[in-house]
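Survey of secondary and tertiary structure
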Amino acid sequence: MRPPVPVPALSRRAKLVIGIVAVLLVLFSVIGTLTNVYVDYLWFDETDFTEVFWTELQTRALLFALAGVATGGLVALAVHLAYRFRPTFRPMSLEQQNLERYRQSLEPRRKVALTALGVVLGLLAGAAAQGSWQTWLAWRNGTDFPGTDPEFGKNIGFFVFDLPFYRLALGFGFTIVLLALIGSVLTHYVFGGLRLQTPGQKLTGAARVQLSVLLGLFVALKAVAYWLDRYSLVYSNRGGVYTGASYTDVNALLPAKNILVVVAAICAIAFFVNIAVRNTVLPAAALGLLLVASLLIGFAYPAIVQQFVVRPSADQREAEFTSRAIASTLDAYKLNETDVEYVNYAQGQTTAADRDAAVAALRDDTQTIPNARLLDPNVLAATFTARQQIRNVYGFPAKLDIDRYTIDGVTQDYVVAVRELNSSGLSGNQGSWINRHTVYTHGNGFVAAPANQVAAGQQAGEPNFTTGDLPTRGDFVPDRTQVYFGELLNDDGVDVYSVVGGTTPREFDQPEGGSDEGQINSTYEGTGGVSIGSFFRRLTYAIYYRERNFLLSGAVNDQSKVLYVRDPRDRVEKAAPFLTVDGDPYPAVVDGKILWILDGYTTSAAYPYSEQMSLRDSAADALTGTGTTALPDQQFNYIRNSVKATVDAYDGSVTLYAWDEQDPVLQTYMKAFPGLVQPRDAATAELESHVRYPEDLFKLQRDILTRYHVEDPIAFYNQNDRWQVSPDPTQQQATTAATVEEDQPPYYILAQRPGDEQASFQLTSALNAFERDNLSAFVSASSDPGTYGEIQVLRLPGNTPYRGPRQVQNSFNTNNLIRPDITLFNSESSRAVFGNLLTLPIGDAGLLYVQPLYVQGTQENAFPLLQKVLVNYADRIGYADTLAEALDQVFGQGVGEVAVDGGTPTTPTPAPSTGGASPAPAPAPVGGPVDEAARDQAVTRLNDAITELGDATRAGDFARIGQAQADLQAAVQAYQAANGQSAATPSAAPTPTG
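This is a predicted model, so every value here is computed, not measured.

1. Side note on the overall build of the chain
Along the chain, the regular secondary structure elements total 28 helices and 37 strands. In the form shown here, the chain has an accessible surface area of approximately 42200 Å², with 56% of it arising from carbon and sulfur atoms.

Laid out in structure tokens, this is it:
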């Protein structure tokens, strides 16, 4: 027998060093973790959402403990038992002699190793389990849905709340048994209970019993898995074009799963019987039976049925199950017959009679055309910045917002924004810690411009700001104009904190009297923020932000507060972690306050028979990433706009309203977090008047409607009459491989829907025929309080090629009167910018396209100015300085004046007929032959005016800017006159009275 191998030992110094390093690592880790938890608690305490903090923390701790103790404890117990029942004597063999060195190494450290194994596995399992805290809460508080699934007759809540938890528990059960089995096998092998190469008996009695029990438990869990697999068939994709149990799943795979449950149960019993029988043939045979059965009846038989029974007549075989998927998907995305109204619309637009009907509709229309939007919020951020930024410390987001306000009984939509603190715009000494975190702490002011008009005179082409400037004045002036919470309060995605408050005003508030010399300072007086008056609090935030100035700076005093988590989306997501928040918060003046209004979604990926989608991909369009925040990349098949949230721009207070109080998912989380969400009737009437139908939800729903508007299961299966979202005709993203066509974003408009008596604020989108550019449908969702969420789908006749947005855009780009101007605008010193291409239903007469055309200089800080308005109806195009003139060109002289500003009706001069369906040039009057010399002079004047405009903009000289804009407008008129066009005097769209 070989002599014992000496166990290597560490020196005393090495042990001391390792101990000190380990203690320091643990200390820093614990301090960092506790600091993060404490800072989180202080935020929840400041916002009065401590119930969320404690519920989440307790649930995480509970799951961590349960999973950790179960996994670490049971695995360690299995290993201990394997060691405890090791054989006292082991037969001499080369295998056992080779293992002796390992036994001698482990024996002195056996308890330490076993403890370490249990602790490490427990920590890993606990860390994995605590992340599923929402699954636990949903299971504990699950609420029944109003319906049952069509196959098993179980309530939908079973699939949404119960089945995910059962799957989670089953997964941990498999993990525990498998780890215990591996640990037991290794222990038995090392200590002689399992002898692979030794002649004679391979297993001791104790090893056989323990391994039989563990294998029996594993196969028993497999039987449970087969049972749950039956219910998971409702998420099958075998049907191809729909989600849910297919013909093969129900008639072949479901019976197979039932059989496999029985076979697995028998196999488990065989392993348990082996404890007494002591015969490995029985469990081996049972295991072989389970394997063969799973291959034959669980795989081969369903494949045969699919290939030879279903595939030859799939549309007929799958009809029943396709109908299930259609109904479930429409219900899961809130698109069933009670939510969506389908209207057969515009049966013809090509005859003279149709145009006469359109003229009559335009004359009768007093709500849609007058509110046609000429200001594109996706284009005008640079214009708002140039005209309303005031100081470099302020800024506006890349995408502005659309909202509506009522003044003297007249409702009108506005382009709105708040003048936020632009933390990334601080430069030079402004970026020091003192200035960045204690002086430049907030933005100031609310800015609004009517969406259907532009300014006149020297500011021609600019928004007509009816609310703006500093101090804020105009139609919508809040009681407090300071903005401490907003979308720009971050630096490369990192939240920017501010230290505010104190007895001495030190925070920059606004310039004094509009002067560039002086400034007005203020101090924060709101209820928001965490007090850091004590040394312990300051030390906490010094550690958290790794910033010693919390302890050393005189700007931090006993009255100081720290503001953090300042982005409205982040605040709502933190206050209600079960919500997915829409990517486009918007500001509104409500009850004298500037509020950020946000939409919260409850989602699930477990709704039976509903199509799975990706949140990020389905809600993406041409503006995602530049104008709106992308949703998380997660799968889902159920969504509700269940919560409306507000964030006060001054004190940061978060308020949640239960907007869809019938949503079972919301009801479930309201049980878990009682008092977190207020009832819908707690919202004020003024707040309700500013609520919008959310964009991301609408994008998901329009994507579903492109397929699921087809109710006939056979037509659906064959993909007949499929639609698609129109590619954005004004914006494309080029890649090295190919041009990526991004979806056209939906647009908010104030318009009168067919069948309605009044205009409503609605979110709209055009839908094309599948892989075609012709229009098939127009979808709108109302945002008004009385009709909120009502979706209307205008179905266009399928036998007539109505133009879609991209075809209309192409007709604009190639028109022989528009094309020269675009070429002129796209010069070295300027570029043409097409605004949003709006689709407007005109009564029952058809769809009118309206698009603004801006010109923007290429110089730094240049901003776009509205120059032209383009209009399309059927095969006619209008192109003029104003909407009224463009309508005149399409429908005849005098129609535009009546349609836009309600002027005195006159007998219109009919527009010339094109005699066909191809795009016709706009019938602009001809002013004479082209004057080459005058045109060259006009081009020179254009370039000079654009250059002067850029210089004046950079200098901030508003008088020069106004003069340069006037010169530019005059040069455009001169060019048109020299080119043989009539030079109509540009004018702003009339401002509505009242």
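2. Brief notes about a nonpolar patch on the surface
On the surface, Leu16, Ile20, Leu24, Leu27, Phe28, Ile31 and Ile543 cluster together to form a nonpolar patch covering roughly 650 Å² of accessible area. When residues in the nonpolar patch are grouped by element, the largest group, 6 residues, is from helix α1 (residues 12-46). Position of Ile31 relative to the elements: it lies in helix α1. Assessed through its relative accessible area of 36%, Ile31 is described here as partly exposed.

3. Here's the deal with the sheet that holds strand β13 (residues 498-500)
An order of β13-β17-β16 is seen for the 3 strands of this open sheet, with the pairing classed as antiparallel. Strand pairing shows two members of the sheet lacking a second neighbour, β13 and β16 (530-531), which therefore form its edges. Pairing of β13 with strand β17 (residues 561-563), which is carried by 3 bridges, proceeds in the antiparallel orientation. When the sheet's bridge partners are listed, Val499 is paired in β17 with Val562.

4. Let's talk about the confidence of the model for the chain
For any part of a model where pLDDT is low, the fine detail of the predicted coordinates should not be relied upon. Averaged over every residue, the pLDDT of the chain is 85; residues scoring 70 or more account for 87%. For the stretch residues 912-928, pLDDT sits under 50, and the model shows 38 contacts to residues farther than four places along the chain or on other chains. Below pLDDT 50 for its whole length, residues 982-994 participates in 33 contacts with residues either more than four positions away or in separate chains.

5. Structural notes on the packing of helix α2 (residues 50-84) against helix α4 (residues 110-130)
Where α2 meets α4, the axes come as close as 7 Å, and the angle between the chain directions of the two elements is 150 degrees. Classified by chirality, the crossing of α4 by α2 is right-handed. Each of Arg60, Leu63, Phe64, Ala67, Gly68, Thr71, Gly72, Val75, Ala76, Val79, His80 and Tyr83 in α2 lies in contact with α4, whose residues at this interface are Arg110, Leu114, Leu117, Gly118, Leu121, Gly122, Leu123, Ala125, Gly126, Ala127, Ala129 and Gln130.

6. Quick look at the layout of surface pockets
By volume, the second largest pocket amounts to about 650 Å³. Looking at the second largest pocket, it is lined by 27 residues, and the ones nearest its centre are Thr135, Thr603, Ser604, Ala605 and Tyr669. Elements supplying a minimum of two residues to the lining of the second largest pocket: α5 (133-140), α6 (156-190), β20 (593-604) and α19 (664-672). Examining the composition of the lining of the second largest pocket, we find that 6 residues originate from one element, α6, more than from any other.

7. Brief notes about α19
When α19 is considered as a whole, its buried residues turn out to be Pro664, Val665, Leu666, Thr668, Tyr669 and Ala672. Where α19 is buried, its residues contact α2, α5, α6, β20, β23 (638-648) and β24 (654-658). A side-chain oxygen of the first residue of α19 lies 3.2 Å from the backbone nitrogen of Val665; this N-cap is Asp663.

8. What to know about the nonpolar core
In this structure, Tyr564 and Phe891 are the most contacted members of the largest nonpolar core, which totals 185 residues. In terms of residue count, the dominant contributor to this core is α6 (11 residues). Residues within four places of Tyr564 in sequence aside, it is in contact with Val39, Leu42, Trp43, Asp495, Tyr497, Val530, Tyr541, Tyr545 and Arg571. The next biggest cluster of nonpolar side chains, apart from the first, holds 24 residues, and it includes Tyr802, Ile818, Phe825 and Val855.

9. Here's the deal with the packing of aromatic side chains
For the structure shown, the criterion picks out 50 aromatic pairs. On the numbers, 5.8 Å between centres and 45 degrees between planes, the contact of Phe44 with Phe53 is tilted. The same class applies to Phe44 as to Phe53, namely buried. Centre to centre, the rings of Tyr693 and Tyr788 are 5.7 Å apart; their planes meet at 50 degrees, and the pair counts as tilted. Here the residue Tyr693 occupies a position in the loop between α20 (685-688) and α21 (695-708), and Tyr788 occupies one in the loop between β30 (774-782) and β31 (791-795), the gap between them amounting to 95 residues. Look at Tyr693 and you get buried, because its relative accessible area is 5%. Among the aromatic residues, those joined into a ring-pair cluster are Trp136, Trp139, Phe152, Phe158, Phe159, Phe165, Tyr166, Trp227 and Tyr231. Here the basic side chain of Arg230 rests over the ring of Trp227, its NZ or CZ set 3.8 Å away from the ring centre.

10. Some thoughts on helix α23 (residues 805-814)
Here α23 has its buried residues at Pro805, Val808, Gln809, Ser811 and Phe812. Buried residues of α23 fall within an arc of 160 degrees about the axis and therefore sit on the same side.

11. As for unusual backbone geometry
The omega angle of the peptide bond from Leu470 to Pro471 is -10 degrees, so this bond is cis rather than trans. Mapped onto the secondary structure, Pro471 falls in the loop between β8 (467-468) and β9 (473-474).

12. Comments concerning the environment of Gly502
Within the secondary structure, Gly502 sits in the loop between β13 and β14 (507-511). Owing to a relative accessible area of 17%, Gly502 belongs among the buried residues under this scheme. For the pair formed by Gly502 and Asp558, sequence separation is 56 residues and the distance between their alpha carbons is 7.6 Å. Discounting residues that sit within four places of it in the chain, Gly502 has contacts with Thr523, Asn557 and Gln559.

The rules behind these values
- Residues numbered from 1 in each chain as written.
- Predicted model: local features only at pLDDT ≥ 70, side-chain atom pairs only at ≥ 80, totals over all residues.
- Heavy atoms only, no water.
- Helix = DSSP H or I, 4+ residues; strand = E, 2+ residues; numbered from the N terminus.
- Areas by Shrake-Rupley, 256 points an atom, 1.4 Å probe, with all protein chains shown as cover.
- Patch = residues over 30% accessible without salt bridge, like charges linked within 9 Å, V, L, I, M, F, W, Y side chains within 5 Å.
- Salt bridge = Lys/Arg side-chain N within 4 Å of Asp/Glu carboxyl O.
- Buried < 20%, exposed > 50% of the residue type's maximum accessible area, 1.4 Å probe, protein only.
- Pairing = 2+ DSSP bridges.
- pLDDT = per-residue confidence, 0-100.
- Contact = heavy atoms within 4.5 Å.
- Axes fitted to C-alpha atoms, helices over the stretch in contact; angles between N-to-C directions.
- Left-handed = near helix turned anticlockwise from the far one by under 90°.
- 1 Å grid on protein atoms, 1.4 Å probe; cavity = no way out; pocket = protein on both sides within 12 Å on 5 of 7 lines; lining within 4 Å.
- Points joined across faces, edges and corners; volume = space filled by probe spheres on them.
- Polar contact = N/O pair within 3.5 Å; in protein donor to acceptor, adjacent residues only side chain to side chain.
- Core = buried A, V, L, I, M, F, W, Y, C linked by side-chain atoms within 4.5 Å.
- Phe/Tyr/Trp six-rings, centres within 6.5 Å; stacked < 30°, edge-to-face > 60°.
- Lys NZ or Arg CZ within 6 Å of the ring centre and 35° of its normal.
- Arc of directions from axis to C-beta.

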